[in-house]
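Analysis of the macromolecular model
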Amino acid sequence: MIMKSSVPVVALIALVVSRVQAFISVGSNRNTHVTITHHAVMEKIHEVCEAVAKSEGREFKPTGQSAEEVLRACLGTATGEVSGAKFHTALNQIYKQNGFVDQDFMSSAPHHFNNEAFNEGRNLIIQGTVAIKANIRTDNYQSARETLGRVCHTLQDFYSHSNWVELGNKSPYANLIRPDLNIEKIADIAMPTCSDCASGTCPNQLLPAILNGKYLTSGYMGLFSPEKPQGKCSHGGETDLSSSQNPRGGISKDESHSNLHNNAVNLAAEATMELLEDIRGAVGNNNYLRLMGIARSAVLAFVIDTTGSMADDIAEAKRITFSIIDSKKGTQDEPSEYILVPFNDPEFGPLIRTTNPNVMKSEISKIKADGGGDAPEMCLSGLQLALTGAPSSSYIYVFTDATAKDKHLEKTITALIRSTKSTVSFLLTASSRRRRALSASSQFQEYYDMALASGGQAIEVSKSSISQATDIIVDTSTSALVTILHCSRDPGRVENFPFLLDRSMSNTTIYITGTGLTFNLRSPTGVTQSSTVVNGPLGTIQKVGNLQRIQLNSTEMGLWHIGMMTTRPYTVKVMGQSAITFIYDFVEEFKGPHPGFAAIDGRPSKGSPAKLLLTLTGEKGPEALEVHEVALMEVSGVKVSNGTIEKMGNGDYLVTVNDVPEGEFVVMLKGKDKTFTSLFQRQTTTQMSQSKVAIKATADSSMLPGQVFKLNFTVTNNGTGGTYTIHARNDKNIPMTHPSTLNLVSGGSAQGTVSLTPPGNMVSGTDVTLAIEAEGPGGSDSNYAVLRLSVLSEVTDFKPPKCEIVNVQDICYSSSCSSSNWELSVNITDGNGTGIERISIQQGSGNFTQRKVEDGVIVVMGLYEASCCSTSVTLSAVDKVGNVGRCSYTIKSSAGLRLISMSLPLWASLLLSSFLSDAFPL
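So, here's what we can say about the structure. These figures come from a predicted structure and were not determined experimentally.

1. Some thoughts on the overall build of the chain
Each helix and strand in the chain was counted, giving 18 helices and 42 strands. A compact globule built from 922 residues would reach a C-alpha radius of gyration of about 29 Å, and the chain, at 29 Å, matches this within 12%. Relative to its 922 residues, the chain shows a buried fraction of 59%. Sequence separation of 24 or more characterises 72% of the internal contacts of the chain that already satisfy a separation of 6 or more. Accessible surface computed for the chain: about 35,300 Å², of which carbon and sulfur atoms make up 49%. Computing the positive centroid from 78 side-chain charges and the negative centroid from 88, the chain places the two 3 Å apart.

Next comes the structure, spelled out in structure tokens:
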């Protein structure tokens with residue numbers, strides 16, 4: 001659905017780019033599901049950031065309206081660069097799934113509230129919201145975002161496709177997101193709802209009985225058949241075949257009834273705000289901001305071999321972890337998340353994920369070198385856990401001195417690297433005797449291949465010198481990290497590599513891997529330094545193992561050159577810190593009532609132009625930046641294929657590349673920073689290629705513990721016919737079945753089913769990453785689909801805790817608010833529900849103390865105390881399944897003593913009196 005209106009709604013990122021003007025109204029500004037969602041998301045982010053800043057005793061004052069400036073203000077005053085890339089990426093995960101509803105569920109009535117499917121549509125919203133809250137409780141934020149995007153689409157469609165607006169309602173329908181309330185007065189299947197409209201554009205087709213009786217109805221959508229129940233309204237529009245059947249016309253606010261369009265837009269935005277507020281109350285302010293991608297961008301992620309020969313490596317991993325945590329504390333470079341995955345043989349895991357640096361210190365200190373014996377270890381199994389557990393675009397470091405025993409996972413790892421866009425580097429510390437043997441047989445080759453595919457490094461060093469190699473971890477465990485250039489040559493050749501440094505760059509470092517390499521570095525002003533000069537005019541060269549690390553003395557603006565003078569294999573990578581970067585997705589066009597472009601999950605189609613949607617971000621927002629060139633560039637070759645650029649607005653660009661490189665490629669972008677009149681270049685690191693095979697799989701429900709979950713998938717082949725091998729793997733080792741092969745003819749397709757049975761005791765909210773791969777005859781071609789599934793226990797408690805204000809006392813003088821305080825006493829119960837899990841201050845800068853009392857029913861009695869300078873408070877009480885009850889209060893500006901009289905049982909009054917004089921934390 002597209003809403004086009006005179007109401008201005010700013011679009012931040014549109015991962016679904018529509019080509020039809022559905023939901024047409026007067027004006028030139030276009031409203032889509034994405035823009036409605038974004039409007040609500042940004043407004044709620046402002047509100048939550050302001051509340052957090054106030055609770056921390058600071059102000060929230062963005063220097064401008066861009067998302068980047070909002071992010072910086074929300075993160076606080078810590079020193080260091082702030083990049084909007086992860087913020088945009090998180091929002092994209094919401095917006096992308098929002099748009100997928102039109103692609104993947106175009107014929108599903110509940111997903112769009114068509115065909116009077118009100119109870120079914122509401123169930124999608126309620127179950128989705130339960131899953132979002134459970135995912136957040138288990139730190140599975142990407143799954144939560146993806147579900148949120150789908151839920152927002154369905155919720156917003158209610159106001160466009162039903163007659164809620166025509167019934168005269170001025171506020172959202174709270175029953176859609178309140179599981180304890182029912183949908184009321186749905187028109188019966190036999191009840192006529194519309195009169196005939198021969199023109200198809202009548203202002204109001206609804207029958208008087210529907211309007212006067214306040215009955216809910218929605219239009220019937222006939223995508224494949226004109227049939228509909230007698231007397232029922234149609235959705236309307238060119239793609240609705242039922243709109244030509246009596247009663248003709250349609251009641252959708254998508255493409256008709258423009259006089260009601262703005263009302264539908266505004267109610268959809270308000271309803272989205274209410275949904276976001278419910279989620280915020282359930283998870284708390286800080287977790288809500290993490291859901292929205294507002295966190296420092298650095299992540300520290302280690303995958304560590306714990307076999308007997310790894311004592312030195314483990315000690316170094318511990319040392320560098322402590323060093324990073326201690327040296328970067330209080331800065332924007334401080335990691336926002338820590339990932340640790342140990343592996344041995346045959347054991348690997350568990351995934352340890354925390355935001356608490358002290359927990360990371362404790363966990364890595366527990367690791368001991370033990371076991372193993374035979375050289376191959378379960379390295380790729382551990383890496384799989386890290387790739388699925390870490391945030392997207394993370395830098396992951398693998399410590400090992402052995403080859404991989406689980407090489408069958410190599411293609412799964414490559415699929416996960418492409419899906420997550422994470423960078424994987426290997427620190428390889430085999431003994432000198434083993435290094436000679438490995439060099440001869442290339443047994444580490446899979447590590448080199450994976451590092452290259454992700455844009456990482458494979459660094460071979462002795463155990464005695466590993467401490468020198470870990471400087472690269474310090475370099476990349478930082479905020480606002482960007483890649484300027486990454487290339488590889490095997491076999492090597494003499495070649496000159498130019499790269500452009502702009503004014504926003506700082507801490508620029510060059511990494512060159514390979515043995516016996518020589519090179520020359522030249523600055524824009526012609527100053528040179530050879531690889532034999534350790535401390536030269538341009539930088540300091542550090543050599544360890546097969547790595548040379550060059551730290552530039554200064555980031556001189558202009559065109560630099562690295563001249564490689566060798567025929568040995570090598571990789572060259574230039575990185576630094578800058579707020580200017582971009583994110584991207586390859587996209588494909590889809591048809592239907594609301595056609596457009598949607599992000600591709602897997603490799604793009606071979607034989608067709610490659611299309612990608614990218615978003616440019618910088619310190620002052622996209623308005624301060626220009627895009628001059630976007631190209632697909634071979635990392636291991638010389639081909640550069642330029643694309644045609646279509647500016648979509650607000651930093652979004654649709655790029656079409658007709659002459660796509662045959663092999664692996666990355667994205668290169670060049671542009672201009674208008675603030676400093678400085679040219680810049682940026683490059684992605686994740687290698688991609690095209691395929692004539694495609695896999696499509698869609699999941700819109702959660703898995704129940706102990707029950708079989710079936711997921712259908714389709715493999716389409718435009719290449720060689722024959723028998724295709726099917727692999728399916730998940731990161732939680734859940735038992736599953738799937739067809740081992742599918743037979744496909746050229747131009748044909750075949751379907752299969754993956755069946756998974758999660759254990760009965762699996763924690764609700766657990767995130768399961770499923771990778772499905774299809775490989776052609778002889779391994780000639782392949783593709784993949786990566787899905788995130790949630791395990792969700794059945795929820796029967798839908799009633800929120802009850803929060804009552806029982807007493808307010810304030811003596812506040814307008815002349816000096818800081819010298820006086822006020823108090824609020826509350827009574828919180830959960831009846832026969834699952835029990836109260838958490839009570840928090842959602843808004844307010846005071847202190848809250850609580851005590852639990854049991855007398856037939858559990859009562860939590862709380863006391864909120866605050867300075868009279870902080871005049872408002874909202875307390876959230878959350879039960880164990882995420883239902884939220886609230887108490888809100890604002891004191892008046894005049895002085896005085898205020899007592900709220902409540903009817904309380906005698907036992908509660910006595911307990912309250914005792915509590916007020918002796919409150920203590922629960």
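2. Examining the nonpolar core
Leu 148, Tyr 159 and Met 292 are the most contacted members of the largest nonpolar core, which totals 62 residues. Of all elements in the fold, only helix H1 (33–55), helix H2 (67–75), helix H3 (85–104), helix H5 (118–137), helix H6 (141–161), helix H8 (258–283) and helix H9 (285–291) reach the threshold of two or more residues within this core. The biggest single contributor to this core is H8, with 13 residues. When near neighbours in sequence (up to four residues on either side) are disregarded, Leu 148 contacts Ile 94, Ile 132, Leu 275, Leu 276, Ile 279, Leu 291 and Met 292. Val 303, Ala 404, Leu 416 and Leu 625 belong to the second largest nonpolar core, which has 55 residues in total.

3. A closer look at the sheet that holds strand S27 (residues 678–683)
Overall, antiparallel pairing links the four strands, which are arranged S23-S22-S26-S27 in an open sheet. The strands lining the two open edges of the sheet, one partner per strand, are strand S23 (640–642) and S27. Strand-to-strand twist across the sheet, computed as the mean angle between neighbouring axes with direction ignored, equals 25°. Where strand S26 (residues 665–673) meets S27, six bridges bridge the pair, whose relative direction is antiparallel. Bridging across to S27, Asp 673 finds its partner in Ser 678.

4. Overview of the state of the cysteines
Under the criterion given, the structure shown has five disulfides. The disulfide partner of Cys 49 is Cys 74, and the gap between their sulfur atoms is 2.0 Å. The sign of the S-S torsion, about -90°, decides the handedness of the disulfide formed by Cys 49 and Cys 74: left-handed. One end of the pair, Cys 49, is in helix H1; the other, Cys 74, is in helix H2, with 25 residues separating them in the sequence. Here Cys 49 matches Cys 74 in class, with each residue buried. Covalent S-S linkage joins Cys 803 and Cys 887, the inter-sulfur distance amounting to 1.8 Å.

5. Observations concerning the sheet that holds strand S30 (residues 722–730)
The strand order across the open sheet built from four strands is S32-S30-S34-S35, with neighbouring strands paired in antiparallel fashion. Of all the strands in the sheet, just strand S32 (741–744) and strand S35 (782–791) have a single pairing partner and so form its edges. Across the sheet, the mean angle from the axis of one strand to that of its neighbour is 25°, orientation sign disregarded. Inspection of the sheet shows S30 paired to S32 by four bridges, in the antiparallel sense. Among the inter-strand pairings, Thr 723 is bridged to a residue of S32, identified as Asn 743. Against the sheet, helix H13 (residues 410–420) engages S30, strand S34 (766–775) and S35, with an angle of about 75° to S35.

6. Description of the packing of aromatic side chains
One pass over the full model with this rule turns up 17 aromatic pairs. Considering the side-chain rings of Phe 158 and Trp 164, the 5.9 Å spacing of their centres and the 50° angle between planes classify their relative orientation as tilted. Exposure class is identical for Phe 158 and Trp 164. Each is buried. Taken together, a centroid distance of 5.7 Å and an interplanar angle of 65° make the contact between Trp 822 and Tyr 864 edge-to-face. Of the two residues, Trp 822 is situated in strand S37 (residues 821–829) and Tyr 864 in strand S40 (residues 858–867); the sequence distance between them amounts to 42 residues. For the pair shown, Trp 822 and Tyr 864 are each scored as buried. The rings of Phe 113, Phe 118, Phe 158, Tyr 159, Trp 164 and Tyr 173 are connected pair by pair, giving a single aromatic cluster.

7. Observations concerning the environment of Thr 201
Along the chain, Thr 201 falls in the loop between H6 and helix H7 (208–213). Of the residues examined, Thr 201 reaches a relative accessible area of 59% and is grouped as exposed. Spatially, the C-alpha atom of Thr 201 lies 18 Å from that of Tyr 159, the residues being 42 residues apart in sequence.

8. With respect to the side chain of Gln 103
Take Gln 103: it is sitting in helix H3. Owing to a relative accessible area of 14%, Gln 103 belongs among the buried residues under this scheme. In this structure Gln 103 touches Glu 588, Phe 590, Ala 598 and Lys 696, once residues within four positions along its chain are discounted.

9. Overview of empty space enclosed by the protein
Applying the stated criterion across every chain, the model contains four cavities of 30 Å³ or more. Roughly 80 Å³ of volume is contained in the second largest cavity. Lining the second largest cavity are Asp 102, Met 106, His 112, Asn 114, Asp 157, His 161, Met 221, His 235, Pro 593 and His 594. Taken together, the residues of the lining of the second largest cavity break down into three nonpolar, five polar and two charged.

10. Quick word on the packing of helix H12 (residues 379–389) against H13
The geometry of a pair of packed helices is captured by two quantities: the angle between their axes and the separation between those axes. Look at H12 against H13: their axes get within 10 Å of each other, and the N-to-C directions meet at 20°. Between H12 and H13, the angle is such that the two are roughly parallel. Here H12 runs over H13; the crossing is left-handed. Residues Leu 380, Leu 383, Gln 384, Leu 387 and Thr 388 of H12 touch H13, and the partners they reach there are Glu 410, Thr 412, Ile 413, Leu 416, Ile 417 and Thr 420.

11. Overview of unusual backbone geometry
For the peptide bond that leads from Asn 246 to Pro 247, omega is -5°, which places it in the cis range. By secondary structure assignment, the location of Pro 247 is in the loop between H7 and H8. The omega torsion across Asp 345 and Pro 346 is 15°, close enough to zero to call that bond cis. In this structure, Pro 346 sits in the loop between strand S5 (337–343) and strand S6 (352–354). Backbone geometry places Asn 115, a non-glycine residue, at a positive phi of 60°. Tracing the sequence through the fold places Asn 115 in the loop between helix H4 (109–112) and H5. The phi angle at Asp 139 is positive, at roughly 65°, despite the residue not being glycine. Inspection of the secondary structure puts Asp 139 in the loop between H5 and H6.

12. A short note on the pattern of salt bridges
Considering all chains together, one arrives at 38 salt bridges under this definition. Residues Arg 290 and Glu 337 are paired through a salt bridge, measuring 3.6 Å at the closest nitrogen-oxygen approach. Residue Arg 290 is found in helix H9, and its partner Glu 337 is found in strand S5; the two are separated by 47 residues along the sequence. Each member of the pair Arg 290 and Glu 337 is classed as buried. For Glu 664, the salt bridge identified is with Arg 418, shortest N-O distance 2.8 Å. You can see Glu 664 sitting in the loop between strand S25 (652–657) and S26 and its partner Arg 418 sitting in helix H13, a full 246 residues away along the chain. Arg 418 sits in the buried class, given a relative accessible area of 12%. Each member of the salt-bridge network shares a partner with another, and the members are Lys 44, Glu 47, Glu 277, Arg 280 and Arg 886.

13. Quick word on H12
Of all 11 residues making up H12, 11 are buried, and the element is well covered by its neighbours. Listed in full, the buried residues belonging to H12 are Cys 379, Leu 380, Ser 381, Gly 382, Leu 383, Gln 384, Leu 385, Ala 386, Leu 387, Thr 388 and Gly 389.

14. Describing the pairing of S35
Extensive coverage of S35 is indicated by the burial of nine of its 10 residues. Here 10 bridges tie S34 to S35, and the two strands are oriented antiparallel to one another. Bridge pairing in S35 places Ala 771 opposite Val 786. Counted between consecutive antiparallel strands, the loop separating S34 from S35 contains six residues, among which Gly 778 sits at a positive phi close to 70°.

What counts as what
Residues numbered from 1 in each chain as written. Predicted model: local features only at pLDDT ≥ 70, side-chain atom pairs only at ≥ 80, totals over all residues. Heavy atoms only, no water. Helix = DSSP H or I, 4+ residues; strand = E, 2+ residues; numbered from the N terminus. Rg over C-alpha atoms; globule rule 2.2 N^0.38 Å. Buried < 20%, exposed > 50% of the residue type's maximum accessible area, 1.4 Å probe, protein only. Contact = heavy atoms within 4.5 Å. Areas by Shrake-Rupley, 256 points an atom, 1.4 Å probe, with all protein chains shown as cover. Lys, Arg positive; Asp, Glu negative; His and termini not counted. Charge placed at Lys NZ, Arg CZ, Asp CG, Glu CD. Core = buried A, V, L, I, M, F, W, Y, C linked by side-chain atoms within 4.5 Å. Pairing = 2+ DSSP bridges. Axes fitted to C-alpha atoms, helices over the stretch in contact; angles between N-to-C directions. Disulfide = S-S within 2.5 Å. Phe/Tyr/Trp six-rings, centres within 6.5 Å; stacked < 30°, edge-to-face > 60°. 1 Å grid on protein atoms, 1.4 Å probe; cavity = no way out; pocket = protein on both sides within 12 Å on 5 of 7 lines; lining within 4 Å. Points joined across faces, edges and corners; volume = space filled by probe spheres on them. Nonpolar A, V, L, I, M, F, W, Y, C, P; charged D, E, K, R; others polar. Parallel < 35°, antiparallel > 145°, perpendicular 65-115°, else oblique. Left-handed = near helix turned anticlockwise from the far one by under 90°. Salt bridge = Lys/Arg side-chain N within 4 Å of Asp/Glu carboxyl O.

Shape is all these values report; function is a separate question.
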